[in-house]
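# Topology and contacts: notes
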Amino acid sequence: MTMLTVAEAWDIVSNHLFLPETENVPLLHAQGRVLAQDVRADRDIPPYNRVSMDGIAIRYADYQSGVLKFPVSGIIGAGDDGPADIPPGTCVEIMTGASLPPFADTVIPYEQLLMEGSVAILNGEVKYGQNIHLKGKDRKSGEILIPAGRRIGPVETSIAASAGFHRTNVVKPPRVAIFSSGNELVDIDQTPQPNQIRRSNSYACHALLQPYGIDAGLFHLSDNPDQIKAALGVALQSYDTIIASGGISAGKFDYIPEVLSDLGVNKLIKGVRQRPGKPFWFGKKGTVTVFALPGNPVSTMACMLRYVKPWLEMSMGLPAAVHNVVLAEDIFFEPGLTLFSQASLHIADNGQLVATPLRHQGSGDYSSLLSSRGFLELPAEKTRFEAGTSFPFWPL
Ligand code: AMP
Ligand code: MG
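About the criteria used
- Residues numbered from 1 in each chain as written.
- Chains lettered and ligands numbered in written order.
- Predicted model: local features only at pLDDT ≥ 70, side-chain atom pairs only at ≥ 80, totals over all residues.
- Heavy atoms only, no water.
- 1 Å grid on protein atoms, 1.4 Å probe; cavity = no way out; pocket = protein on both sides within 12 Å on 5 of 7 lines; lining within 4 Å.
- Points joined across faces, edges and corners; volume = space filled by probe spheres on them.
- Helix = DSSP H or I, 4+ residues; strand = E, 2+ residues; numbered from the N terminus.
- Nonpolar A, V, L, I, M, F, W, Y, C, P; charged D, E, K, R; others polar.
- Domains from an automatic or database assignment.
- Phe/Tyr/Trp six-rings, centres within 6.5 Å; stacked < 30°, edge-to-face > 60°.
- Buried < 20%, exposed > 50% of the residue type's maximum accessible area, 1.4 Å probe, protein only.
- Contact = heavy atoms within 4.5 Å.

## Some words on the layout of surface pockets
What the second largest pocket holds in volume is close to 320 Å³. Lining the second largest pocket are 16 residues; nearest its centre among them are Ala204, Leu208, Met301, Leu369 and Leu396. Per element, the largest residue contribution to the lining of the second largest pocket is 5 residues, and it comes from helix H4 (residues 200-209). When its residues are assigned to classes, the lining of the second largest pocket shows 11 nonpolar, 3 polar and 2 charged. Counting the residues that make up the lining of the second largest pocket, at least three belong to each of domain 1 (6-20 + 173-315) and domain 4 (323-395).

Written as structure tokens, this is what we have:
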């Protein structure tokens, strides 16, 4: 298999999307999920003529005929019914959020009044109908408030909650198993020996998927083909998606691609002309999608951002999160590979999003990722990338 370009690799990945089902979940557990139904207004918004200032409600005709002192005939708080009617020339005190009674048409805020006992004395101009948010002004009952396909965040939650969607239909994400691999790796609650390190990649991958409502299972493979085969064999039967990191390069103990083939996973990608992440491996067995990523933490992250995350987003009906950014400085890169360069971002005076590549960015150096906002994608066909030209940026 010849090594693919990034565009060819992405073409293959994006042609093997996961086909999700939907499920009904409590709104409280729907953060980050994708709506699988329209959220419609069950009533007009606002549902009644809503008072928008604390003050008094009057008949505008009284004001027009010259009344400037309004005896108070009652008080209406938010949620109260209030009196059915009031004598001519008088007012009711009324609070923000209350339903305007039918006999009144205008609300004067306390800021425009002098309250002397039970008489409200007016100062300043009054306009007919002021400080009332009319029934149905924002939306009519039955209108779509949020279309299906939107990812649920705090604003969507607020709207869904006000329309009574205590449960909602959402896209069911894939069941994901994440495998770390390598004899040098211990779990994060262990104390590593001098020649060991902690398996951070699994946690990074888990963290990247969690905002989509995925609670991936975490597993570990030692560099032993029989053990790898047994564990991946089980995972292929109980998960929709497998993400493995490590053990896929040219090392003597990199068994994973071979074992995946033995297990009947159809290899679709083995190696992409890119840095980092060149050994990227992708395959399918039945409906199960397998991503096998190189183990260097920065390579794993680059492949997660360039392939796995957009694959997940597209599978769930979301646009892939990619920006266009402008290069802050010239870059030269000669190896004939697409360069995924870590970069910081800032907004220029003209409003453009500008990316500055980081100076030090080895693929094992994940501390540099802290200063990076993601990966700039600089295509393999070119060696010289000029300041001011624009390129895709895959955000962290
Ligand atoms: P490999 O792809 O297995 O050759 O691993 C490449 C490098 O990444 C090695 O230095 C590994 O120790 C390191 N590595 C592999 N997997 C992980 C992981 N889960 N967390 C942190 N580092 C890892
Ligand atoms: Mg390894």
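So that's the structure; there's more coming.
## Observations regarding the packing of aromatic side chains
Each aromatic ring pair is characterised by the separation of its centres together with the angle its planes make. Taken as a whole and assessed by the stated rule, the structure comprises 9 aromatic pairs. Ring geometry for Phe291 and Trp311: centres 5.1 Å apart, planes at 75°, overall edge-to-face. Placement of Phe291 in strand E21 (residues 288-293) and of Trp311 in helix H7 (residues 297-315) is noted, with a sequence separation of 20 residues between them. Assigned by exposure class, Phe291 and Trp311 land together as buried. Here Phe385 and Phe391 contribute two aromatic rings whose centre-to-centre distance is 5.6 Å and whose plane-to-plane angle is 80°, an arrangement assigned as edge-to-face.

## Some thoughts on the environment of Val322
Tracing the backbone shows Val322 in the loop between H7 and strand E22 (323-327). Judged by relative accessible area, which is 35%, Val322 ranks as partly exposed. Along the chain, Val322 and Pro310 lie 12 residues apart, while their C-alpha atoms are 8.5 Å from each other. Residues in contact with Val322, not counting those within four places in the same chain, are Pro392, Phe393, Trp394 and Pro395.

## Looking at the domain arrangement of the chain
By domain assignment, the chain separates into domain 1 (6-20 + 173-315), domain 2 (29-43 + 138-171), domain 3 (50-133) and domain 4 (323-395). Computed over C-alpha atoms only, the centres of domain 2 and domain 4 are separated by 37 Å.

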